[in-house]
Amino acid sequence: MTKNIMIVGVGGQGTLLTSRIIGKAALAEGYDVKISEVHGMAQRGGSVVTFVRFGEKVNEPVVEEGQADVIIAFERLEALRYAHFLKKDGVIVVNDCRIDPMTVVIGAKTYPENIIEILKKEHSVYAIDGQSVALELGNSKVLNSVVLGYAATFIGFNEQVWLDTVSSTVPAKTVDINKKAFMCGYEANH
C-alpha cells in the first residue's frame with residue numbers, strides 16, 4: 001500500500017526541506033520513495049507544493065486529487081487551496097498562521113475568514129500554532145520541524161527514525177534546534 005503525503009506552504013517556510021525529511025525517513029524504513037517538487041513563485045512568498053509517496057513499489061511521484069493520506073500545510077490559505085487533494089479518511093495538519101498572498105496585499109482579493117472551521121466541516125483537521133512554538137524556541141525558521149513533528153503521528157515511523165533523519169538532513173549548525181522543534185510538535189500530538 002502506498003502512502004501519499006502532500007506538503008504545501010509559502011516560499012521560505014521549509015516545504016522542500018520537509019519533503020526531503022519525510023522521503024529520507026521512508027527510505028530508512030525500507031520503502032520505495034518518490035518525491036515531486038512544484039515551485040511556484042517561492043522566492044516571492046508564492047505557493048510551494050511537494051508530494052512524497054512511499055510504499056513497497058511507487059511508480060510515479062505525483063499525488064492525484066482525492067488521494068492524499070496526509071496534507072501538511074504551513075499556512076491556512078494553502079490548506080484550503082489544496083484540501084481537494086485529501087482522500088476521504090485523510091487528515092490535514094495545518095499551521096495556524098496567515099500569510100497574505102500578493103493578491104490580498106495589493107487589495108485585489110480578501111483573505112478568507114474562518115479557514116480552519118471551513119475545512120473541519122468536510123475534513124479531519126488538526127491545527128497547531130507552529131510559529132508560536134518556534135518563537136518560544138528562539139528560532140522562527142524551525143516552524144517546519146514543529147509542524148512535521150506534529151504530523152509525524154499520521155505518517156508513521158518511530159521517534160528515533162524521525163530524529164535521525166532530521167539530524168542527517170538539516171544544516172549541521174541547526175540540528176539541535178530542529179530536533180527540539182520536532183519533539184515539541186511530536187509531543188503535542190501524543
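The preceding data block contains the structure.
Scope of this entry: the structure provided in the associated data block. Model, not experiment: these values are computed from the prediction.

Calculation notes
Residues numbered from 1 in each chain as written. Predicted model: local features only at pLDDT ≥ 70, side-chain atom pairs only at ≥ 80, totals over all residues. Heavy atoms only, no water. Helix = DSSP H or I, 4+ residues; strand = E, 2+ residues; numbered from the N terminus. Buried < 20%, exposed > 50% of the residue type's maximum accessible area, 1.4 Å probe, protein only. Lys, Arg positive; Asp, Glu negative; His and termini not counted. Salt bridge = Lys/Arg side-chain N within 4 Å of Asp/Glu carboxyl O. Polar contact = N/O pair within 3.5 Å; in protein donor to acceptor, adjacent residues only side chain to side chain. Contact = heavy atoms within 4.5 Å. Phe/Tyr/Trp six-rings, centres within 6.5 Å; stacked < 30°, edge-to-face > 60°. Pairing = 2+ DSSP bridges.

### Concerning the side chain of Arg53
Thinking step 1. Assignment of secondary structure puts Arg53 in strand 3 (residues 47-55).
Thinking step 2. Buried and unpaired, Arg53 has no salt bridge, with Glu60 as the nearest side chain of opposite charge at 5.0 Å.
Thinking step 3. A polar side-chain atom of Arg53 sits 2.7 Å from the main-chain carbonyl oxygen of Glu60.
Thinking step 4. Residues in contact with Arg53, not counting those within four places in the same chain, are Thr2, Lys3, Asn4, Asp32, Val33, Lys34, Val58, Glu60, Pro61, Val62 and Val63.

### Some thoughts on the packing of aromatic side chains
Thinking step 1. All chains considered together, the criterion is met by nine aromatic pairs.
Thinking step 2. Ring centres of Tyr82 and Phe85 lie 6.2 Å apart, and the angle between their planes is 50°; on these two criteria the pair is classed as tilted.
Thinking step 3. Relative to Tyr186, the ring of Phe182 has its centre 5.6 Å away and its plane inclined at 25°; by these criteria the two rings are stacked. A residue pair is termed a helical-turn pair when its members lie 3 or 4 positions apart in one helix, as Phe182 and Tyr186 do in helix 8 (residues 175-188) at four residues. Tyr186 shares its class with Phe182; the two are buried.

### Some points on the pairing of strand 4 (residues 68-73)
Thinking step 1. For strand 4, the buried fraction is high: six of the six residues fall into the buried class.
Thinking step 2. In this sheet, strand 4 lies alongside strand 1 (residues 3-10) in parallel orientation, the contact comprising four bridges. Among the inter-strand pairings, Val8 is bridged to a residue of strand 4, identified as Ala73.
Thinking step 3. Both strand 4 and strand 5 (residues 86-95) contribute to a ladder of five bridges, which runs parallel. Bridge pairing in strand 5 places Ile71 opposite Ile92.

### Focus: the pattern of salt bridges
Thinking step 1. One pass over the full model with this rule turns up six salt bridges.
Thinking step 2. Lys34 is paired through a salt bridge with Asp32; the nearest N and O atoms lie 3.4 Å apart.
Thinking step 3. For Lys34, a relative accessible area of 25% corresponds to the partly exposed category.
Thinking step 4. Of the charged contacts, one joins Glu78 and Arg81 as a salt bridge, the two residues approaching to 3.2 Å between their closest N and O atoms. Of this pair, Glu78 and Arg81 both sit in helix 2 (residues 76-82), separated by three residues, roughly a single helical turn.

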